[in-house]
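Okay, here's what each chain looks like letter by letter:
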Amino acid sequence: MVVTQERETEAGTAELDRETLLGMYERMVQIRTFEDAAGKSFAAGLVPGFVHLYAGEEAVAVGVCSHLSDKDVITSTNRGHGHCIAKGVEIEGMVAELMGKATGTCKGKGGSMHIADVGKGMLGANGIVGGGFPLACGAALTAKTLGTGGVAVCFFGDGASNQGTFHESLNLAAIWKLPVVFVCENNGYAEATPVHYHCSATDVANRAGAYEIPGVVVDGLDLFAVYEAAGEAIARARRGEGPTLLEAKTYRFYGHFQGDTITYRTEEEVLRFRERDPIAGLKRYLKEQGLATEEELDAIDSRIVDALDGAWEAAKAAPFPKPEETLTDVYVSY
Amino acid sequence: MVVTQERETEAGTAELDRETLLGMYERMVQIRTFEDAAGKSFAAGLVPGFVHLYAGEEAVAVGVCSHLSDKDVITSTNRGHGHCIAKGVEIEGMVAELMGKATGTCKGKGGSMHIADVGKGMLGANGIVGGGFPLACGAALTAKTLGTGGVAVCFFGDGASNQGTFHESLNLAAIWKLPVVFVCENNGYAEATPVHYHCSATDVANRAGAYEIPGVVVDGLDLFAVYEAAGEAIARARRGEGPTLLEAKTYRFYGHFQGDTITYRTEEEVLRFRERDPIAGLKRYLKEQGLATEEELDAIDSRIVDALDGAWEAAKAAPFPKPEETLTDVYVSY
Amino acid sequence: MVATATTVATAATAATQTMTYAEAVREAMRIAMRDDPRVILMGEDVAGGAAVDHLADEDAWGGPMGVTKGLVQEFGRDRVLDTPITEAGFIGAAVGAAATGLRPIAELMFVDFFGCCMDQIFDQGAKFRYMFGGKASCPVVIRTMIGAGVSAAGQHSGCHYSVFTHMPGIKTVAPSTPADAKGLLLTAIRDDDLVMFFENKVLYAMKGEVPDGDVAIPFGVADVKREGSDVTIVAISRMVHQALAAAEELAADGIEAEVIDPRTLSPLDDATILESVAKTHRLVVVDEDNPRCSAAADIAALVADKGFDTLDAPIKLVTAPHTPVPFSPPLEQAYVPSPEKIAAMVREIV
Amino acid sequence: MVATATTVATAATAATQTMTYAEAVREAMRIAMRDDPRVILMGEDVAGGAAVDHLADEDAWGGPMGVTKGLVQEFGRDRVLDTPITEAGFIGAAVGAAATGLRPIAELMFVDFFGCCMDQIFDQGAKFRYMFGGKASCPVVIRTMIGAGVSAAGQHSGCHYSVFTHMPGIKTVAPSTPADAKGLLLTAIRDDDLVMFFENKVLYAMKGEVPDGDVAIPFGVADVKREGSDVTIVAISRMVHQALAAAEELAADGIEAEVIDPRTLSPLDDATILESVAKTHRLVVVDEDNPRCSAAADIAALVADKGFDTLDAPIKLVTAPHTPVPFSPPLEQAYVPSPEKIAAMVREIV
Ligand SMILES: Cc1ncc(C[n+]2csc(CCOP(=O)(O)OP(=O)(O)O)c2C)c(N)n1
Ligand SMILES: Cc1ncc(C[n+]2csc(CCOP(=O)(O)OP(=O)(O)O)c2C)c(N)n1
Ligand SMILES: [Mg+2]
Ligand SMILES: [Mg+2]
């Protein structure tokens, strides 16, 4: 049942025009830049709470979400910034949210672990490992029942693959043929625990067999590989043929959370993956294919940096919510 | 990973001497007799609460538990009478417990769904579908940590195979190589819902692949098939080689609970399985092989009926617990 | 709170029909499902016999107690969904569906099973709106059975509405009569928040007059089930009937008890309780749930603060003991607050 | 209850050492694990870096907050077990192990995750003894982090000990100081029942004098953290320190508050609370948990019954509001009861 996709970087790009490619590049750089800045701002004491950075995994969120529109819903994890950006959540609001400002996506009530934008089909980062699986089934059930043509995508980590909700949701999605794709971001670790210890399956995608649904392993550092496999899985879901379990082997460039001493990984391992940086890879490809020059890409990068700097400046200047805001938004009516 | 055991009824009986065989026959008849009587007593208003009967599935409990001693622990389900009897819980106490008498196994506090006898390694019937999986892992962890040489066996239904605890426990048992065997009693239904609807796997045992542990399907109406497969799985667990998922295809002769109108099964289906009655099969085998005469078996049957009648008489005569007993046994100390 | 006492009065004057509590629950679902295609029902065997070829829908279970019987016939298997035994999965799916456009009714067979799916309830659905800055809602109703009295023993007899009342973002409803069951469930299904709806299994067979048609009862409006001047008894769910029986017994001795049914615990109608205590100067709270951190304690704490100056006697609680629910009938009888115990407690303070 | 005040007194006179609350927790585990080979520790990254070849045990995480750091070095990976993220699985395994001969300490990283494993706690482990007629016990300790104050937001900041206090068969412990943390955890580990042990994350860095050696503090014995005659403040966990700060503020105005730390909520030391109220005639309960069906309400209900005749004023509660925990620092500050709010509430009734 598990298909490991072996592919040339060139394959599958035929359908991708320059504009789309540059759009994906832009999103990936947006995520990277956002995360680097979030890390620095955390260290500088500007961001309270827990912060889990997505840098290194950009190809997954972008490769998947490039197939989605606002009517499609994603669920996310505590490492959710990348999913938010890839799904079109506004950077300004996200930055303000990290700082707990009134102008934040969630008015400062949610913070890094709970950024959500339901209008954009982003059903929330999630502080509960495994919390998103049933919710994604629910979003898919809505799409199916109301015939919206939408799909749901559930992002989750290798560690989450051992939660009971994984099992319950994949079974439910399979028997109901729900339009949902389960995307495992296997970055090798759940906190300090390596996947080969915590997970009894060599590949998480191998678990698809238990539900008699397709399981696919792709190189999560390769945007095209992710894009292609996600495209197939999402198309299958839209056709009403049910769920797919897609596993992207990826890596987080930072620690589990900011403050992690990362004693459990070797310098050598980190470097090995850093050398396969998905953004650098895409950049190389775009230049080699003559789709963009170094200067054009630099210009995109600068634009993103400027916008992000602006977002941080705005967030810093923005007010904190008023204390009485503590009491609102609990119920629609009470 | 899934092995469907094809076998001749004769195979595997070489190791079984007459005494053992008659012991297993006796246990199976004990269970059947117990369940028939429980059903009648429920209808007569002698047994309050919910009652779920095990008749038809005797070969599973007996085939498995014949490999176990008191140092081995089982967890059970809401259909637990058969497991109790197979694990050696006293019939007198069980009957009294069904009636809620002070002389019951649990002093009348538990009832049908919570009969337990920890000293006998019976960690309780369980009113929560899927409740036993983690507990069995815990019992196995005790055996492993203290080096008792014991194993744990978790009995569960086809319906329970969709609970999150199934997944979490099989993964945990696999990575820790716990001495535990998960025995699925696939009787085709979870309440009124057929397994082909609720379970996305054709065989529950197929799910073993997700944990890279052995998965075995056996004919649960065939005592020898169960005995043999369980023996291998339990031996493997005792050798420290980790868990096995064993699925016994079986059938419940009664409804889900007493009072069930059973509209969801056809008469034809029920008859087809009744014809394969595991006790009748064993009886035939014992006679054909010259291991016992009709008269000898009848004598066993009568002995069991007499003992059971005695147990019911005793239970009827026994006192109910005193109302103040409501307040005891909550804590060891408080 | 938009609810007004007028709404309730209107309901009371409408034409009625005699039906059981179970029928009233079903009737509310039927009305709401006819009314709004976004309302779906899901749970274990709520239809029954899914994918059984030979089974006519009218012969399907409709839940283990038959409460949802007949709904699959009218609404079909796309809106009355049998689920596997997968509480976290399907309750969470109901929550996710509610956040994205449906208005699901999910049946958690027994409240005792909440431990299998609580994260999806209190930590996901109930918190979305707040954590997301007011930009989400989760209009899901989780119907669930509570109550001792049928020897269902330690894992099928609890109440535990206190646990849900404790949690912000959840509304909790515990009807004591067929009329309340119907009217409150209609409100629950149309409500935009996450509602836990507690049905007492012992009351399913109880008959009562139920207003015809689409007559909802607002949340946060207690019902004075009996007027009285000597003591206020606040009682929840089935305990309303135990309290009314106690009140009859007391009346024979000239003690007039006022019996208040809060009907919804969150929101709670503080005003009606406080007004009654201001009149009677005495309070007994009757709750079948375990006593610690209970709804009974919660109501006592309310009155010990806001009603303290009107109190003439200690606030008394009559609750289940701090024990699991025992199986044996005499033990279970000792476990559930009885009219005798309630009456005796009232006598202690009157 | 075998506990006596004498035991406490002995503890107080022993030689002490200054250590943090986190160190005190670790120290208790170390002592108990040395003492009894049946005590094991399990949880997510409680060792850290399981099966990472190059990692020396002294460099392993020891939990996300480092609370269990060093234990794997001394006791090895067979007794300090890293688990997958599988709360129902490993908490349930701890429960099953406890029922069959081990004495596990299981770490539920944040109490907010209880929704992932509650069935195994309240419905299995806590009920075994009762349902099995007194013939089983379940000596497991579940350590878990509570509390707002570090912007951990809506799913990592709750308290919710009320939910566990509500449940029969569970004991609940919420230490407020390093000394109490050590002494109570030692008792918890040796206790034969299921114990929920709530560690406040904001207190981990707090330093205090802690008695040397194996000095346990019995359950069910409240500690009077400050004596006073004008009002009784019962405060839980971190709120003890907020209450003490309020008491200092009030003392400047000549109001002497008695601050009582129940230390264990189940069992609860009713007597100490009632005696104090009998002396001060006034009660304020301070609880960081949400207010409905809370431990605060529970204590208020106790006193509104048994202490009613000694009360001269309404019982006041200072709690978190009925909302999830907000992320933004000014909101979170408004959420947690402050010394100012406590002092103001005391002034309302004194
Ligand atoms: C139910 C639950 N258990 C534990 C945690 C603590 N926790 C947060 S992230 C994390 C690791 C998640 O690992 P993985 O799923 O691989 O995702 P990654 O962090 O690698 O992206 C853990 C244990 C949690 N937030 N929720
Ligand atoms: C958590 C939980 N959900 C639902 C139920 C209600 N229930 C009791 S038995 C049962 C069916 C179990 O089916 P299966 O696992 O196949 O076992 P069988 O009854 O066929 O032996 C259900 C749904 C329950 N007891 N516990
Ligand atoms: Mg990971
Ligand atoms: Mg079955």
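These remarks concern the structure in this document.

So, how was this worked out
- Residues numbered from 1 in each chain as written.
- Chains lettered and ligands numbered in written order.
- Predicted model: local features only at pLDDT ≥ 70, side-chain atom pairs only at ≥ 80, totals over all residues.
- Heavy atoms only, no water.
- Helix = DSSP H or I, 4+ residues; strand = E, 2+ residues; numbered from the N terminus.
- Rg over C-alpha atoms; globule rule 2.2 N^0.38 Å.
- Buried < 20%, exposed > 50% of the residue type's maximum accessible area, 1.4 Å probe, protein only.
- Areas by Shrake-Rupley, 256 points an atom, 1.4 Å probe, with all protein chains shown as cover.
- Lys, Arg positive; Asp, Glu negative; His and termini not counted.
- Charge placed at Lys NZ, Arg CZ, Asp CG, Glu CD.
- Least-squares fit on C-alpha atoms with pLDDT ≥ 70 in both.
- Contact = heavy atoms within 4.5 Å.
- Near = heavy atom within 4 Å.
- Polar contact = N/O pair within 3.5 Å; in protein donor to acceptor, adjacent residues only side chain to side chain.
- Nonpolar A, V, L, I, M, F, W, Y, C, P; charged D, E, K, R; others polar.
- Pairing = 2+ DSSP bridges.
- Axes fitted to C-alpha atoms, helices over the stretch in contact; angles between N-to-C directions.
- Salt bridge = Lys/Arg side-chain N within 4 Å of Asp/Glu carboxyl O.
- Donors = N, O, S within 2.8 Å, 3.2 Å for Na, K, Ca; no water.
- 1 Å grid on protein atoms, 1.4 Å probe; cavity = no way out; pocket = protein on both sides within 12 Å on 5 of 7 lines; lining within 4 Å.
- Points joined across faces, edges and corners; volume = space filled by probe spheres on them.
- Buried area = accessible area lost by both parts, 1.4 Å probe.

### Brief notes about the overall build of chain C
In step 1: What chain C contains, in helices and strands, is twelve helices and 14 strands.
In step 2: The C-alpha radius of gyration computed for chain C amounts to 20 Å, which stays within 12% of the reference 20 Å derived for 350 residues, consistent with globular compactness.
In step 3: Within the span of chain C, comprising 350 residues, buried residues form 73% of the whole.
In step 4: Roughly 9,000 Å² of accessible area belongs to chain C as shown, and the carbon and sulfur atoms make up 50% of that amount.
In step 5: For chain C, the distance from the average position of its 28 positive side-chain charges to the average position of its 48 negative side-chain charges is 2 Å.

### So, the relation of the copies chain D and chain C
In step 1: Overlaying chain D with chain C gives an RMSD of 0.0 Å, the required rotation being 180° about an axis along which the chain moves by 0.0 Å. Here the symmetry operator amounts to a two-fold rotation axis.
In step 2: A shared interface surface links the copies, since 100% of the contact residues of chain D are contact residues in chain C too.

### Structural notes on the site of ligand 1
In step 1: Taken together, 22 residues lie near ligand 1, and A:Arg79, A:Gly127, A:Gly159, A:Asn187 and D:Glu87 sit nearest.
In step 2: Looking at the residues close to ligand 1, they fall on chains A and D.
In step 3: A distance of 2.8 Å separates an oxygen atom of ligand 1 from a polar side-chain atom of A:Asn187.
In step 4: Within the complex, the protein chains bury 96% of what would otherwise be the 580 Å² of accessible surface of ligand 1.
In step 5: Of the residues assigned to the shell around ligand 1, the class counts are nine nonpolar, eight polar and five charged.

### With respect to the sheet that holds strand β9 (residues 223-226) of chain D
Residues and elements named next belong to chain D.
In step 1: Sheet architecture is open: five strands sit in the order β9-β11-β10-β13-β14, paired in mixed fashion. Either end of the sheet is taken by a strand with one partner, and the two such strands are β9 and β14 (316-319). Averaged over all neighbouring strand pairs, the angle between strand axes comes to 25°, with direction disregarded.
In step 2: Pairing of strand β10 (residues 231-235) with strand β11 (residues 257-261) involves four bridges; the strand directions are parallel. Bridging from a neighbouring strand, Ile233 pairs with Val259 of β11.
In step 3: Strands β10, β13 (283-287) and β14 of the sheet are contacted by helix α11 (residues 295-306), whose axis makes an angle of about 160° with β13.
In step 4: Each of β10, β13 and β14 is contacted by helix α13 (residues 339-349), which is oriented at about 170° to β14, the strand it contacts most.

### Digging into the pattern of salt bridges
In step 1: Evaluated as defined, the whole model comprises 85 salt bridges over all chains.
In step 2: In this structure, D:Glu248 engages D:Arg226 in a salt bridge whose closest nitrogen and oxygen atoms are separated by 3.3 Å. Taken together, the positions of D:Glu248 in helix α9 (residues 239-251) and D:Arg226 in strand β9 put the pair 22 residues apart, joining distant regions of the chain.
In step 3: Judged by relative accessible area, D:Arg226 falls into the buried class, the value being 14%.
In step 4: Look at the salt bridges and you will find they share partners, linking C:Glu27, C:Arg30, C:Arg34, C:Glu74 and C:Lys182 into a network.

### Observations concerning the coordination of the magnesium ion (ligand 3)
Residues and elements named next belong to chain A.
In step 1: Bound to the magnesium ion (ligand 3) on the protein side are Asp158 (OD), Asn187 (OD1) and Tyr189 (O), at distances that span 2.0 to 2.1 Å.
In step 2: On the primary sequence, the residues serving as donors to the magnesium ion (ligand 3) are separated as D-x28-N-x1-Y. With Asp158 in the loop between β3 (152-157) and α6 (164-175) and Tyr189 in strand β5 (residues 189-190), this residue pair connects regions lying 31 residues apart in the sequence.
In step 3: Relative accessible area serves as the criterion here: at 1%, Asp158 is assigned to the buried category.
In step 4: Tyr189 gets classed as buried once you look at its relative accessible area, which sits at 9%.

### Details of the sheet that holds strand β13 (residues 283-287) of chain C
Residues and elements named next belong to chain C.
In step 1: Taken together, five strands build an open sheet; the order of strands is β9-β11-β10-β13-β14 and the sheet is mixed. Of all strands in the sheet, those bounded by a partner on one side alone are β9 (223-226) and β14 (316-319). Put simply, the sheet's adjacent strands are angled 25° from each other on average, direction ignored.
In step 2: Judged from the four bridges that link them, β13 and β14 form a sheet pairing that is parallel. Within β14, the position partnered with Val285 by the bridge is Leu317.
In step 3: Sheet strands touched by helix α10 (residues 295-306): β10 (231-235), β13 and β14. Its angle to β13, the strand with the most contacts, is close to 160°.
In step 4: Each of β10, β13 and β14 is contacted by helix α12 (residues 339-349), which is oriented at about 170° to β14, the strand it contacts most.

### Examining the layout of surface pockets
In step 1: What the largest pocket holds in volume is close to 630 Å³.
In step 2: If you trace the largest pocket, you find 19 residues lining it, with C:Asp270, C:Leu302, C:Lys306, D:Pro291 and D:Arg292 closest to the centre.
In step 3: Looking at the lining of the largest pocket, the elements that each hand over two or more residues are α10 of chain C together with β14 and α13 of chain D.
In step 4: The biggest single contributor to the lining of the largest pocket is α10(C), with five residues.
In step 5: The residue inventory of the lining of the largest pocket, partitioned by class, reads eleven nonpolar, two polar and six charged.
In step 6: As for the second largest pocket, its lining consists of 16 residues, of which C:Pro291, C:Arg292, D:Asp270, D:Leu302 and D:Lys306 are closest to the centre.
In step 7: Within the residue set of the lining of the second largest pocket, elements represented by two or more residues are β14 of chain C together with α11 of chain D.
In step 8: Looking at the lining of the second largest pocket, the element that brings in the most residues is α11(D), giving five residues.
In step 9: Along the lines of polarity and charge, the residues of the lining of the second largest pocket split into nine nonpolar, two polar and five charged.

### Regarding the environment of A:Val195
All names here are of chain A.
In step 1: Mapped onto the elements of the fold, Val195 is located in helix α7 (residues 195-198).
In step 2: In this structure Val195 comes out as buried when scored by relative accessible area, which is 16%.
In step 3: Between the C-alpha atom of Val195 and that of Ser161, which follows or precedes it by 34 residues, the distance is 9.9 Å.
In step 4: Once residues within four sequence positions are removed from consideration, Val195 is found in contact with Asp158, Asn186, Gly188 and Tyr189.

### Thoughts on the environment of D:Ala257
All names here are of chain D.
In step 1: Tracing the backbone shows Ala257 in strand β11.
In step 2: For Ala257 and Lys279, which are 22 residues apart along the polypeptide, the C-alpha to C-alpha distance reads 11 Å.
In step 3: Excluding residues that lie within four positions of it along the chain, Ala257 makes contacts with Arg226, Glu227, Gly228, Val231, Ile233 and Ala247.

### Topic: the interface of chain D and chain A
In step 1: In this assembly, 43 residues from chain D lie in contact with 45 residues from chain A.
In step 2: Together, the buried faces of chain D and chain A total about 3,300 Å²; carbon and sulfur atoms form 66% of this surface.
In step 3: In terms of surface lost to chain A, no three residues of chain D exceed D:Trp61, D:Ile85 and D:Phe327, which account for 22% of the buried area on that side.
In step 4: Connecting chain D to chain A are zero salt bridges.

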